[in-house]
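# Observations on chain architecture
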Protein chains: 4
Amino acid sequence: MAGSIFGEYFRITTWGESHGPGIGVVIDGCPAGIPITAEEIQESLNRRKPGQSKYTTPRKENDLVEIMSGVFEGKTTGTPISLMVRNETQRSSDYSEIASYYRPSHADYTFDEKFGFRDYRGGGRSSGRETIGRVAAGAIAKKLLEGMGIKICAYTKSIGPVCMETFDEAEIENNPFRIPDANAAARIQEYVDGLLRETDSSGGVIECFATGVPAGLGSPVFDKLDACLAKAIMSIGAVKGVEIGDGFAVAASTGSKNNDNFCMKDGAVCKKTNHAGGILGGISDGDTIVLRAAFKPTPSIFKTQETVNKNGEDISVNIRGRHDPLIMPRAVVVVEAMTALTLVDALLANMSSRYDKILEFYNR
Amino acid sequence: MAGSIFGEYFRITTWGESHGPGIGVVIDGCPAGIPITAEEIQESLNRRKPGQSKYTTPRKENDLVEIMSGVFEGKTTGTPISLMVRNETQRSSDYSEIASYYRPSHADYTFDEKFGFRDYRGGGRSSGRETIGRVAAGAIAKKLLEGMGIKICAYTKSIGPVCMETFDEAEIENNPFRIPDANAAARIQEYVDGLLRETDSSGGVIECFATGVPAGLGSPVFDKLDACLAKAIMSIGAVKGVEIGDGFAVAASTGSKNNDNFCMKDGAVCKKTNHAGGILGGISDGDTIVLRAAFKPTPSIFKTQETVNKNGEDISVNIRGRHDPLIMPRAVVVVEAMTALTLVDALLANMSSRYDKILEFYNR
Amino acid sequence: MAGSIFGEYFRITTWGESHGPGIGVVIDGCPAGIPITAEEIQESLNRRKPGQSKYTTPRKENDLVEIMSGVFEGKTTGTPISLMVRNETQRSSDYSEIASYYRPSHADYTFDEKFGFRDYRGGGRSSGRETIGRVAAGAIAKKLLEGMGIKICAYTKSIGPVCMETFDEAEIENNPFRIPDANAAARIQEYVDGLLRETDSSGGVIECFATGVPAGLGSPVFDKLDACLAKAIMSIGAVKGVEIGDGFAVAASTGSKNNDNFCMKDGAVCKKTNHAGGILGGISDGDTIVLRAAFKPTPSIFKTQETVNKNGEDISVNIRGRHDPLIMPRAVVVVEAMTALTLVDALLANMSSRYDKILEFYNR
Amino acid sequence: MAGSIFGEYFRITTWGESHGPGIGVVIDGCPAGIPITAEEIQESLNRRKPGQSKYTTPRKENDLVEIMSGVFEGKTTGTPISLMVRNETQRSSDYSEIASYYRPSHADYTFDEKFGFRDYRGGGRSSGRETIGRVAAGAIAKKLLEGMGIKICAYTKSIGPVCMETFDEAEIENNPFRIPDANAAARIQEYVDGLLRETDSSGGVIECFATGVPAGLGSPVFDKLDACLAKAIMSIGAVKGVEIGDGFAVAASTGSKNNDNFCMKDGAVCKKTNHAGGILGGISDGDTIVLRAAFKPTPSIFKTQETVNKNGEDISVNIRGRHDPLIMPRAVVVVEAMTALTLVDALLANMSSRYDKILEFYNR
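This write-up is about the structure you can find in this document. As the structure is a prediction and not an experimental result, all values here were calculated from the model.

When its secondary structure is counted, chain A shows 8 helices and 18 strands. Expected size for 364 residues packed as a compact globule is a radius of gyration near 21 Å; at 22 Å, chain A falls within 12% of this value. Taking the principal axes of its C-alpha atoms as reference, chain A extends roughly 65 × 50 × 40 Å. In chain A, which comprises 364 residues, the proportion classed as buried is 69%. Residue pairs in contact within chain A that sit at least 24 positions apart in sequence constitute 68% of those at least 6 positions apart. Total accessible area on chain A is roughly 10,700 Å²; 48% of this is exposed by carbon and sulfur atoms. Distance between charge centroids for chain A: 1 Å, based on 41 positive and 46 negative side chains.

Given below as structure tokens:
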């Protein structure tokens, strides 16, 4: 529980601080024989990187990935895959001041309480740059899933008060908010431009679905697939809520409305509705898996704020630096990565659930 | 990831089916020297047991706990604590019919898909009785926390459309819904009596807080305290959403409204507000930890429902048996247990975070 | 690392003290569909139980196993299997004296140092009775392996200065020492009868082999199959050394003598010799796996010994109670159990090593 | 169990192939505040690196370590420490031939069986270069231990038939075999020079002790300190046997000879002898911890050998490349590293064993 390891089978360890030499991830337990290139990983990283629009931080970072181990002749070898991105535009001077006080709603205070001191430059380990490792590993997880016909797709569902009303997948990469609804995008632009003038920031919701997931993934009791997804998603900085299927709406519903009736369709067991979001009793039911995450507004705003310094004095501060007024557009790919990593883990875990299939696997 | 083990330090393994010989839990990693009696564990189990009111299943089960190991002369020994409850009023005949079909929104179908067959009696391992092990282990976790001045309290926040409006802790155990607001309890009674006449069921929300938690618990990145809580809570059957602090409400908020400013109070660092729910950057900040869970309506309703049988035929079914129209009142103690187990794990994990404290611990 | 959990996939948790209400084990992660009965488990327990000859403790314990969960209609369900043995002939009075001092070469002192106090009755958790849980779980592991054509066989190789010279498998259960050589058995009897007259005890070596193990089990680096076996075997109380294949003899050998040349045999890759004991680079090579464990002499001897008491005084003691002058005969089944548990874990882990086989498994 | 992660608290993940871009390790769970420099880590790596004498491979590799994360202002931060060494003198051409056949007693065949193919260059992941990550992480573990007064010291005990007869610690770094006995070193030189003329290789034994270890480390049952050490040491390539204290010699001993009597000394509980090697019941007893490992002779010898190729044909081969006729001298620091990593893990784990100490730790 040291904190930077995720997964039981496809196990990733991320490392790196915002302003250290680099950021990276090691994947232990990736099956051998998955075709993967640095370019494919880079594609995912490019969706995460800053500077994509005026709604994300203007820092320019290329975030170029290097494959340091575990891939040979274009395929994963089954041994640890080490991926690394060198940090480039560290302007540590931007941060020297924050060494002495605790930024509101940041992790400065809690890191100091836990560890006695902290690498304060750019948030150190609590920086959003930490997600580079997640996204790089997630790219390989997604590649594995794609080969099995499993598709994962995340997008912004709402920003502040504006929620999507239609779903047009092609629209996702078409607007700076990664929301699959052009009208909503226009209204968000107006809303966010207003916030920017006030140097404020906004929260939002990201939704993610996965199709093609076989029934049977996830375990009863503690390692339910939804429980694992909840941890994966809640581990993303700024997430304050996670729901599966109808989520919090089920609390106001009744059994007769919320139950998903089974039916036969083309010789297969299906559900007439999907309030459950593709998971029953913690195990995937073959239907589309649906989840949502609530992101808090970026705490780095440029208004004067009250806080305390390390000498225990009340002070007023004006945070500087280069920050995102919205993190949802860049976090979409992080949500996809964490969903993919969780599903891969469940896929591998599930292979040992039945003795008959084990005998078949080993031809015995 | 076999599923029935929870925790990394204070590690529990639950076992047992609804209609097997018994239900139990083994705790490995419980510190030595905690005073505990079977009576204290029983008290928690009594809050979970059926038959407490007409709103819970009329099954009569005493659920008497036996301490099988790990406690000597009234104190935990540091070795595994085995706790067991014998099953008593199994009426397996109630369930013989459901062997052949899949109850809507239950785990019947997914268990069959995963394991090839299932113990169908009373839901087998997916029965709510599985939580007996969680509650029994949770009682010891709560005892450990109480000795440190940490208090955990959960209660029903809403049932169907009715939400609490005031908080009166003394009222929680005073009404059959365990809601800390007598007026809301009265309105819920009316609402639920209506549902009962229609043999329907209702969802709801449980809220839980923890006070006295020291700052510094939880780890950066994947094992954030909120991520661990999210997994713990989402692993409870019927939970479809989890939130920390302001939860989903943050999505519509702005940084200037959502940020919690720090201030000094009696020589200690405090926050003026607690939108964060006591966790910053995945680490406890010393403030009250607040979480909520959305429970879906019990799927076992007594209306005619559509489903499929194991022969792949569409059928209509009328589920019989003894079920809860509401699970929130009995689930409150389960939420407390999972919260307690998570906090104990984080408390123990945190002890190795600083070298200076390690040297002090070992007097070196 | 709380201590009583073994395995990553087929994960067992043992519990129970020598003189508490019972001893047991919970298996989480056992695949569904393995046929198993209480009788089959009992058979293994009977090989471990005391009172089998005058060379083992005269305590009479039936050690009858109860299956408490996880088996339905004669097959494992894929959910936790809880197995329990009630303790019967506890004569705690035998042990009241040892509460106050530390028996030489027992765990009394170290338990007190670690936990602050201990359940001193019969050694509590450090009693050999703890292995009941291992043997019960091992019986299911062996059943799983047998269905795959994997056979595990352990036996005494030497006791004191007497070592087996021939291998006759049928002889193992034919003499009280479980040594596969009738002549050696006769010489051991003489040696041990001498020790008994002096109320002394003897060490010995147990050897174990496994045939039919497919190539590919175990992982490179830290979870090498031999490393996992070493931990499994060294975790048995009294074991002070473990070796694989030629073991310590390799230290005096040369590469040209120790290398196992490969050759083709019936269309398959084989080795001409098996100095390696069936494991190369930490991964099984398809050949017979061979290991040995060195057991120290039982520390409970009936001679006067020097030690200290809890008041920090030097004292002389005469230990009483009922003890084994030799533990090898009863430990043979424990070595088999730990070997089986390790191999099952490696078998399940290995299923996710290749992407092509994963695609095939999921028919994708 | 993917294989490249070691430890539960102080958890390391190693990565890298012999002929890939580099080799490295990530440490998750290292306590904050340990002073460490790249130079200190380099010192350990220098003891491991090739080219130290004519008895080790003539490859010239500088193996310069870079600290990529987790150290700030000269101290560990409590977040992951990433350490990396770039590979320099890869001569992959040396290895192109071995792609097509299986070297005797190497991991070529088993890697192919497990993963379907392998990075054959220089042994890929099964190369001894993998231990760079272990040694780098071990340097930090040793620094942590040194601050607590715990000292670890490993050395060659025997090579081929020549065993040390005296122990002179100062002599260890004084001869190319790292044996603490100058006379033995001279005799080994003669023995090994003879082997070199025949292009053969030799096995040997490494012994390691740890002083200053507090009593109480290690857990009862499966995570016994000796069991964890056995796994750690057996996971080093080429190790075929591990023993603790008197090891295999106990098998021929009797209880009256092997028991270590307790006595009081300067007010503390001590043992008159240390046959146990500092561990009783799996828990450290405060005495010196002693272990030994048997290393097989390097399999890369330059004599003609029989083997098979990937087409399933019997062939003769002459292995080329640059190899160590002896690995003990370079493996000494690897044994120290694995011992240190295991002890640190046990030290951190032990902090949560007693409730009274937990209350004290948290000032409650």
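That covers the picture; the talk isn't over yet.
For the pair chain D and chain A, the relating rotation is 180°, the translation along its axis is 0.0 Å, and the fit reaches an RMSD of 0.0 Å. Given the turn and translation reported, the copies of this chain are related as if by a two-fold rotation axis. Looking at chain D, 100% of its interface residues are interface residues in chain A too, so the copies touch through the same face.

Of the residues lining the interface, 44 residues belong to chain D; the matching set on chain A comes to 44 residues. Summed over both partners, the interface of chain D with chain A buries about 3,400 Å², with 65% contributed by carbon and sulfur atoms. Ranking the residues of chain D by area buried against chain A places M68, F72 and F117 of chain D at the top, with a combined share of 20%. Inspection of the chain D/chain A interface yields 2 salt bridges. With a closest N to O distance of 3.5 Å, E66 of chain D and R86 of chain A form a salt bridge. Counting every contact that joins chain D to chain A gives 9 residue pairs in polar contact (both at pLDDT 80 or more). Counting only elements with at least two residues in the side of chain D that touches chain A, the list comes to β2 (11-16), β3 (22-28), β4 (65-69), β6 (75-76), β7 (81-86) and α2 (108-115) of chain D. Per element, the largest residue contribution to the side of chain D that touches chain A is 5 residues, and it comes from β2 of chain D. Considered class by class, the residues forming the side of chain D that touches chain A number 17 nonpolar, 15 polar and 12 charged.

Okay, the packing of aromatic side chains next. Summed over all chains, the structure comprises 44 aromatic pairs over all chains. Through pairs of rings, three or more aromatic residues link up here, namely Y102 and Y109 of chain A together with F262 of chain B. The aromatic ring of F117 of chain D is capped on one face by K75 of chain A, whose charged end is 4.6 Å from the ring centroid.

Quick look at the packing of helix α5 (residues 225-234) of chain C against helix α5 (residues 225-234) of chain D now. Relative to each other, α5 of chain C and α5 of chain D sit at 165°, their axes nearing to 8 Å. Judged by the angle between their axes, α5 of chain C and α5 of chain D are roughly antiparallel. In this structure, α5 of chain C crosses over α5 of chain D, and the sense of that crossing is right-handed. Contact residues: α5 of chain C offers D226, A227, C228, A230, K231 and M234 of chain C, while α5 of chain D offers D226, A227, C228, A230, K231 and M234 of chain D. The class makeup of the residues in the contact of α5 of chain C with α5 of chain D is 8 nonpolar, no polar and 4 charged.

In this section: unusual backbone geometry. In most cases, non-glycine residues show a negative phi, while peptide bonds are predominantly trans. All names here are of chain C. With a phi angle near 50°, D63 is a residue other than glycine that sits in the positive phi range. Relative to the helices and strands, D63 resides in the loop between α1 (38-48) and β4 (65-69). Here D63 falls in the buried class, since its relative accessible area comes to 1%. We note that V221 has phi near 70°; this positive angle belongs to a residue other than glycine. Mapped onto the secondary structure, V221 falls in the loop between β10 (204-211) and α5. Residue class for V221 comes out buried when judged on its relative accessible area of 3%.

Once that is clear, we can look at the sheet that holds β2 of chain D. Residues and elements named next belong to chain D. The sheet built from 5 strands is open, its strands ordered β1-β2-β3-β7-β4 with antiparallel pairing. Looking at the sheet topology across the chains shown, the edges are occupied by β1 (5-6) and β4. Of the pairings in the sheet, the one linking β1 to β2 comprises 2 bridges and is antiparallel in character. Among the inter-strand pairings, F6 is bridged to a residue of β2, identified as I12.

Residues and elements named next belong to chain C. When you line up the elements, T199 lands in the loop between α4 (182-197) and β10. By relative accessible area, which is 30% here, T199 ends up partly exposed. For the pair T199 and E169, spaced 30 residues apart in the sequence, the C-alpha separation amounts to 31 Å. For T199, the contacting residues outside a window of four places in its chain are I301, F302 and K303.

Summed over all chains, the structure comprises 100 salt bridges over all chains. E169 of chain C is the salt-bridge partner of K151 of chain C, the closest N and O atoms lying 2.8 Å from each other. Taken together, the positions of K151 of chain C in strand β8 (residues 151-159) and E169 of chain C in the loop between β9 (162-163) and α4 put the pair 18 residues apart, joining distant regions of the chain. Using a relative accessible area of 33% as the deciding quantity, one classes E169 of chain C as partly exposed. Across the pair K143 of chain D and E40 of chain D runs a salt bridge whose closest N-O atoms are separated by 2.8 Å. You can see K143 of chain D sitting in helix α3 (residues 131-146) and its partner E40 of chain D sitting in helix α1 (residues 38-48), a full 103 residues away along the chain. Residue class for K143 of chain D comes out partly exposed when judged on its relative accessible area of 21%. Classification of E40 of chain D by relative accessible area gives partly exposed; the value is 27%.

Rules used throughout
Residues numbered from 1 in each chain as written. Chains lettered and ligands numbered in written order. Predicted model: local features only at pLDDT ≥ 70, side-chain atom pairs only at ≥ 80, totals over all residues. Heavy atoms only, no water. Helix = DSSP H or I, 4+ residues; strand = E, 2+ residues; numbered from the N terminus. Rg over C-alpha atoms; globule rule 2.2 N^0.38 Å. Buried < 20%, exposed > 50% of the residue type's maximum accessible area, 1.4 Å probe, protein only. Contact = heavy atoms within 4.5 Å. Areas by Shrake-Rupley, 256 points an atom, 1.4 Å probe, with all protein chains shown as cover. Lys, Arg positive; Asp, Glu negative; His and termini not counted. Charge placed at Lys NZ, Arg CZ, Asp CG, Glu CD. Least-squares fit on C-alpha atoms with pLDDT ≥ 70 in both. Buried area = accessible area lost by both parts, 1.4 Å probe. Salt bridge = Lys/Arg side-chain N within 4 Å of Asp/Glu carboxyl O. Polar contact = N/O pair within 3.5 Å; in protein donor to acceptor, adjacent residues only side chain to side chain. Nonpolar A, V, L, I, M, F, W, Y, C, P; charged D, E, K, R; others polar. Phe/Tyr/Trp six-rings, centres within 6.5 Å; stacked < 30°, edge-to-face > 60°. Lys NZ or Arg CZ within 6 Å of the ring centre and 35° of its normal. Axes fitted to C-alpha atoms, helices over the stretch in contact; angles between N-to-C directions. Parallel < 35°, antiparallel > 145°, perpendicular 65-115°, else oblique. Left-handed = near helix turned anticlockwise from the far one by under 90°. Pairing = 2+ DSSP bridges.

Geometry only, nothing functional implied.
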